[in-house]
Amino acid sequence: MSAMSLEKESLQSMMQEAETKLSHATEDGVAANDETLVISLPKVKTEKKPMSIETKLRNDKIYALMKLALPPMFGILLFLGIWTLISHQTPVLPGPLNTWKSALDLFAHPFYVNSPDDQGIGWNIVASLKRVALGFGLAALVGIPLGFIIGRFEFMSRMCAPVIGLLRPVSPLAWLPLGLLVLKAAGPAAIWVIFVSSIWPMVINTAVGVSKVPQDYMNVAKVLNLSEWKIVTKISFPYVLPYMMTGVRLSIGIAWLVIVAAEMLNGGAGIGFWLWDEYNASNYEHIIIAIFVVGIIGLILEQTLIAIAKRFSYE
Amino acid sequence: MKSTLTNTDKAMNKITDRYVYIENVNMSFETKKGSFEALKNINLSINQGEFVSIIGHSGCGKSTVLNLVAGLLLPSTGHLFCAGREIAKPGPERAVVFQNHSLLPWLTCAENVYLAVERVFAATETKAQLYERVTAVMALVGLSHAADKRPNEISGGMKQRVGIARALAMEPKVLLLDEPFGALDALTRANLQDELMGIMTKSGATAVMVTHDVDEAVLLSDRIVMMTNGPSATIGEILDVKLPRPRNRLALAEDKDYNHLRSEVLRFLYERHAKKAA
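Residues numbered from 1 in each chain as written. Chains lettered and ligands numbered in written order. Predicted model: local features only at pLDDT ≥ 70, side-chain atom pairs only at ≥ 80, totals over all residues.

(A) Focus on unusual backbone geometry. Residue and element names in this part refer to chain B. Pro-246 follows Arg-245 through a cis peptide bond whose omega is -5 degrees. Structurally, Pro-246 can be placed in the loop between strand 10 (235-240) and helix 8 (249-253). Of note, the phi angle at Asn-41 is positive, near 55 degrees, even though the residue is not glycine. Mapping Asn-41 onto the fold places it in strand 2 (residues 34-46). Overall, Asn-41 belongs to the partly exposed group, with 13 C-beta atoms counted inside 10 Å. You will see that Glu-179, though not glycine, has its phi angle at about 40 degrees, which is positive. Its place among the elements puts Glu-179 in the loop between strand 7 (174-178) and helix 6 (186-203). (Helix = DSSP H or I, 4+ residues; strand = E, 2+ residues; numbered from the N terminus. Buried ≥ 20, exposed ≤ 12 C-beta atoms within 10 Å, placed from the backbone.)

Below, the structure is given as structure tokens:
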């Protein structure tokens, strides 16, 4: 509390020096405070020679914030600049402004349904997420226990190594015809593709984690004469968790990567299908919007999993 | 060979006389370059309640001896016995205090100890009794205040004390200590040595400690087993430490017998079995 009041005091002294309209702004609330600070700081520097500790701290804070925020902002601006430039050269490619306007229209009504082939973007996203959740969930259900078994028993590791080595590098879409053939429907085939292409990072990372459990911990288990169940729950699983989460993160990344391609080929609802459909309908702005939507959702999925992984980390 | 003064009465009994018994043990490891003979012809018998140190240069296989007694390794030839039974695998009656404490970082100190307590006593005692054991042993090593902390939140000395608490909580017949204080600074080490002496007097357990610290060996032990250099290391000499207990490190520093014993060990290590600079 004392720090708060100190801050207010120094603010007030600064406000007296500043213009009256700035002091109005600070009364509006905390959000406005930051603004006035940024504006009034150069003044404080020039007028008061010996800088108070609080001002210095605040200066440092703003400097650190700028250091953090400026490079990404430059990056985005540069990206938009290049995009604009290219769209001027090739008129068929929509520029950022047109895309933005189109996106506003599109997201005004995300959840409409005209026909199974003509739904709002919201429903398409939901359809894709559902597929990913199902395919990825099945992969986790099979992959993580398999990883544990492979990591714990060398025989299993040697047994599975050639099969995994052979199947892992196969391109995700190569599995689609096989899925269609056996499952005889587009929906399950897409889920099958996600399952088979996203399972490997979870198997491999879990197995690596299990095989890396330090011998010291296993010696403890031996001296305490722990049961296999206790070894798994008290030693292997907690140790492996960070490895496993890395695998899960990679897997969900792959699943999201694959879904667009799978849906393009399969049809039905889904962001990938929608992208292709809009291309056929010559709504080129929508293609770019779809790309951004896929990117942003992928980013959110990844960040969510990183947050979860941090939560479970014991360090 | 009756070296212990405190247990002379017990030493009359045949089993207590050879509580831990190592008989003609040879140990070879298979390496890529062929077979490597680490230990050759080890014979040693340890009485109940005795504190025995194994000292030698690094690489002489002293930790291997300890791991054999722990049951973490099995001898290539020969036999090891504990309380009259052959040692075939690790077990809680031979608790190990590991060199690097080996606490599980995702469990609190109390949970680490509980894991051991649960394994040994859960079949015969209620949960409340198990928790009581944990509390008691944490108090014994002076760590009641740190019971709910994770290992990475406490100092190296405290971690090692939790390691000792975990081993003691199992009420082992034999306590095996593998360079327990090797990673600690000199002051912390001295403190823990004093504490260990007190704890061992209270519990009366048999202890085997591997160390490379001459002062530690003389201060704590009833006997010091000095090993020759490997490969094919064996027991070079056994030194009886007949200093009265309780021992005080300050008083001993001036003590004639203490310093004599100390120089005996030093002479063995640096004159007769000096290790060539690697």
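(B) Quick look at the interface of chain A and chain B. Counting residues at the interface gives 14 residues for chain A, matched by 17 residues for chain B. Secondary-structure elements contributing two or more residues to the side of chain A that touches chain B are helix 10 (215-224) and helix 11 (228-266) of chain A. A per-element tally of the side of chain A that touches chain B places helix 10 of chain A first, with seven residues. Here the side of chain A that touches chain B is built from residues that sort into eight nonpolar, two polar and four charged. (Contact = placed C-beta atoms within 7 Å. Nonpolar A, V, L, I, M, F, W, Y, C, P; charged D, E, K, R; others polar.)

(C) Local environment of the packing of helix 6 (residues 121-152) of chain A against helix 11 of chain A. All names here are of chain A. The contact between helix 6 and helix 11 brings their axes to 9 Å, and the two run at 140 degrees. Classified by the angle their axes make, helix 6 and helix 11 are oblique. Regarding helix 6 and helix 11, the two cross each other, and that crossing is right-handed. Mapping the contact onto sequence places Ser-128, Arg-131, Val-132, Gly-135, Phe-136, Ala-139, Ala-140 and Ile-144 in helix 6 and Met-244, Val-248, Ser-251, Ile-252, Ala-255, Trp-256, Ile-259 and Glu-263 in helix 11. Grouping the constituent residues of the contact of helix 6 with helix 11 by class yields 11 nonpolar, three polar and two charged. (Axes fitted to C-alpha atoms, helices over the stretch in contact; angles between N-to-C directions. Parallel < 35°, antiparallel > 145°, perpendicular 65-115°, else oblique. Left-handed = near helix turned anticlockwise from the far one by under 90°.)

(D) Summary view of the sheet that holds strand 2 of chain B. Residues and elements named next belong to chain B. Strand order in the open sheet formed by four strands is 2-1-4-5, and the pairing between neighbours is antiparallel. In the strand order of this sheet, the two ends are held by strand 2 and strand 5 (85-86), each with one partner. With two bridges connecting them, strand 4 (residues 77-82) and strand 5 associate as antiparallel partners. Residue Phe-81 lies in a different strand from strand 5, and its bridge partner there is Glu-86. (Pairing = 2+ DSSP bridges.)

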